[in-house]
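Spelled out, the chains give:
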Number of protein chains: 2
Amino acid sequence: MEYRQRFAGPRGRDGALGYPVRVADWLRMTPEELDALDPLVAARADFMVDESVVYMDGNSLGRLPKATVRRTGAEVEEMWGRRLVRGWNEGWYELPVEVGDQIGELIGATPGETLCCDSTTVNLYKIVSALGALAKGGPIVAEGRAFPSDLYALQSCASACGRQIQYIEPGPHGWTQTGAVVDAIQDGAAIVVLSHVDFRTGRLLPMNELTAAAHSAGCLIIWDLSHSVGAVPSRVSEWGVDAAVGCTYKYLNGGPGSPAFLYVNARHLEKVQCPLFGWLGSRDPFAFEPTYEPASGVRKFLVGTPPIISMTAVEEGVRLVARYGLSAIREKSERLGDLFIHLARRELVPRGMSLRSPEQSADRGSHVSLAHPDAYRICRALIEEESVIPDFRTPDMIRYGLSPLYTSYCEVQRAVEATARVIDSRVFEKFERDFAAVT
Amino acid sequence: MEYRQRFAGPRGRDGALGYPVRVADWLRMTPEELDALDPLVAARADFMVDESVVYMDGNSLGRLPKATVRRTGAEVEEMWGRRLVRGWNEGWYELPVEVGDQIGELIGATPGETLCCDSTTVNLYKIVSALGALAKGGPIVAEGRAFPSDLYALQSCASACGRQIQYIEPGPHGWTQTGAVVDAIQDGAAIVVLSHVDFRTGRLLPMNELTAAAHSAGCLIIWDLSHSVGAVPSRVSEWGVDAAVGCTYKYLNGGPGSPAFLYVNARHLEKVQCPLFGWLGSRDPFAFEPTYEPASGVRKFLVGTPPIISMTAVEEGVRLVARYGLSAIREKSERLGDLFIHLARRELVPRGMSLRSPEQSADRGSHVSLAHPDAYRICRALIEEESVIPDFRTPDMIRYGLSPLYTSYCEVQRAVEATARVIDSRVFEKFERDFAAVT
């Protein structure tokens, strides 16, 4: 319940942000009525939207903000094209730190704790290695069903850290249970690495509570915010989170493969070392000293030269989230999810689908997952036959992403109805069972 | 002499590529006459060029190709904007491998040995760690005045490899001498890491000869091609180079901070492991297996999700180099450098500048460096007062980059004349001695 209490008032009270209806009445309204009451309805116009498509995959790749078209165009034509190498002194050089701080604001970091750089996986490798030198003896604890690239990052640095990895197996619903994390912490975990929102089920773990549990046992905690940043608020500095990483191309709408971010709590910054030494993380890159000396502060976690064009797109995406605010975004995210689940229970569960996400919005990020034995082909048919775009996760799950800045209540309804049609018509049977390269 | 012999015929013979004058006569022609005879003169129109600026820093950040404006615009608006997440199955997913192979063609790699990914520094960390497991006992040998980020990468992985780093000190001209490399190899180097072209002086090392020397002593060799790729041909596969890395934003014109590349010789690929495990380097990323198993081939060196918009710019830059061909590019590069040095000897050495680059074009990459006690302020004055843009390298060096696809012989003359004017007028004295953040 922590998010709802903190950001939107307790369930059953009027919404905190101007929805003029009680939640109890709200699911009886039509999606059109809900859209008409949506305080974020104007945000959709800030994105390039082809109305013939119902896009339900903002949890994988967020939509394109219109401002990003202008910004990347200007960055290419005006900055690179005309300012040329001078661009480095006219904004580019500080971009990883400045965009980092803008992301930091969305996760509740203090300025100077966050960088935009590299990929989520490389960043996790860096911070686990760095914190490994500070942690007490004991294993690294991770979720057995965490996003695999996170697990791979841990697997590649565990031996260098001289540590074992201990996996928390999921509970009966398929997600990590809070109690199991607390048990692992109390059993001697040195570092625990958790996803704020689970990539499969959308399960939201209580960051504040688990961070406190870790610290009370002398354990360090690292959060992967990839599936929450831009959709679910957090307060990493206030809660004392040791470090975090995350992705910018989902709810931050930074574009395909846009550079990721990392956060390291200020109290650790002067004590840790980045395991990858690179010139932009060194004390004075343009002194060209032959021996690495780290920069002070979070900048030491920079390595090589960052991909500027992709990073300027991140800045535009982050600004858009900041402009509308995470309180409004989180409230709408919960309501979109509640509506989706309400409609799915009525239309899709009777057709053989089962809910794989938490029922309660306080326990859920911003996507909802449904399972079906023919999920892959249903997903293909939704995309090809219905122009409804969710995604598939092996072996049997369809994820419907709800991105509050552009997903409408009507789209939730259209997605559910289209799924019902695909199942009823069995049109999915004409698609191959073989998976595409990217699902 | 190897490059000249291979690609442009011996000095004193007519040029191989249609210059209708003997080299002996050539320096007596005017720059206008040389431009009129330039077989690459049309290539300049493929770049965005503001004729009021003389851009001599393509060795740091190459110019913007016009095709890149169209491509990045289309990639943002059409692919991301309209195809959305479907873009991953419509080209993005294979981009690191496809762009890698296109770069591979320019360095003489066999298809399947090259990837476009991450930064040069991260890539060097990966391949030194990977080859470290194959190398005999002994130190890693590096150039004491290599690009510092390369040295930092070695410093961060040497201890994990259980190896010392041994530095080759430069000879009297400020660059690494071939004999010193051979000595270090014969003294028991396990891995030698060299820059094909030195970032300060432009010194070009004989890759074929030194690779053979390394192999005859059972030593592995890694080349940093950052300052040669796109300007100086190489034949990494034919010469048996063990691995290489390089940058795409210099002579490949990939844009600010564009993703780098790595090459690993096919004979090593199945034996080595990438030290950074990530999902795109795993056997089947969309199987979401909890335990890392590497992909086969060079793909195992991928880690996280790559920055697609920046990478599409690399592809356009690489295509342009491939279209005009490295033989023509290398020949013009040598002639531009010869003209620059000829004019600098006449105009700038008498004004107190000294040549810091090899005199012979066969020993030189595609930039020429001059030293002066007031180099920083002269460089600032060139940029601010003369719209001539070279760059400065501490403590006393100005680098003039010669990028054959767009640098003209007239620009070489204008750059030399502007430098002479700045020294004569002492206009540089009005600039601060304090360095900008990026020089």
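Up top you'll find the structure we're talking about.
As the structure is a computational prediction, the values presented were derived from the model and not from experiment. (Residues numbered from 1 in each chain as written. Chains lettered and ligands numbered in written order. Predicted model: local features only at pLDDT ≥ 70, side-chain atom pairs only at ≥ 80, totals over all residues. Heavy atoms only, no water.)

A. Structural context of the packing of helix α4 (residues 66-83) of chain A against helix α11 (residues 308-324) of chain A. All names here are of chain A. The N-to-C vectors of α4 and α11 enclose an angle of 150°; their axes lie 9 Å apart at closest approach. Here α4 lies roughly antiparallel to α11, going by the angle between them. The handedness of the crossing between α4 and α11 comes out as right-handed. Seen from α4, the contacting residues are Ala67, Thr68, Arg71, Thr72, Glu75 and Val76; seen from α11, they are Ile309, Thr312, Ala313, Glu315, Glu316, Gly317 and Arg319. Grouping the constituent residues of the contact of α4 with α11 by class yields four nonpolar, four polar and five charged. (Axes fitted to C-alpha atoms, helices over the stretch in contact; angles between N-to-C directions. Helix = DSSP H or I, 4+ residues; strand = E, 2+ residues; numbered from the N terminus. Parallel < 35°, antiparallel > 145°, perpendicular 65-115°, else oblique. Left-handed = near helix turned anticlockwise from the far one by under 90°. Contact = heavy atoms within 4.5 Å. Nonpolar A, V, L, I, M, F, W, Y, C, P; charged D, E, K, R; others polar.)

B. Fine view of the pattern of salt bridges. Residues and elements named next belong to chain B. Under the defined criterion, the tally for this structure stands at 62 salt bridges over all chains. With its nearest N and O atoms 2.9 Å apart, the salt bridge here joins Glu411 to Arg44. On the criterion of sequence distance, the pair formed by Glu411 in helix α14 (residues 409-425) and Arg44 in the loop between α3 (31-37) and β1 (54-55) is long-range, its members being 367 residues apart. The exposure classification of Glu411 matches that of Arg44, with both residues buried. One salt bridge in this structure joins Asp374 and Arg377, with 3.2 Å as the shortest N-O distance. (Salt bridge = Lys/Arg side-chain N within 4 Å of Asp/Glu carboxyl O. Buried < 20%, exposed > 50% of the residue type's maximum accessible area, 1.4 Å probe, protein only.)

C. Main features of the relation of the copies chain B and chain A. With an RMSD of 0.0 Å, the operation that places chain B on chain A is a rotation of 180° combined with a shift of 0.0 Å along the axis. Taken together, the rotation and translation relating the two chain copies correspond to the operation of a two-fold axis. Measuring from the rotation axis to each C-alpha of chain B, the shortest distance belongs to Ser310 of chain B, at 2.8 Å. Most of the interface of chain B is mirrored in chain A, where 100% of its interface residues are also at the interface. (Least-squares fit on C-alpha atoms with pLDDT ≥ 70 in both.)

D. Summary view of the packing of aromatic side chains. Across all of its chains, the model carries 32 aromatic pairs over all chains by this definition. What links up through ring pairs into an aromatic cluster is the set Tyr93, Trp279, Phe286 and Phe288 of chain A together with Phe147 and Phe199 of chain B. The side chain of Arg63 of chain A reaches across the aromatic face of Tyr406 of chain A, ending 5.4 Å from its centre. (Phe/Tyr/Trp six-rings, centres within 6.5 Å; stacked < 30°, edge-to-face > 60°. Lys NZ or Arg CZ within 6 Å of the ring centre and 35° of its normal.)

E. Region of interest: the sheet that holds strand β13 (residues 397-401) of chain B. Residues and elements named next belong to chain B. In spatial order, the strands read β9-β10-β13-β12; together these four strands make up an open sheet with antiparallel pairing. Unpaired on one side and paired on the other, β9 (354-355) and β12 (391-393) mark the two borders of the sheet. With three bridges joining them, β12 and β13 adopt antiparallel strand pairing. Bridged to Asp391 within β13 is Arg399. Sheet strands in contact with helix α13 (residues 375-386) are β12 and β13, and its direction is about 40° off that of β13. (Pairing = 2+ DSSP bridges.)

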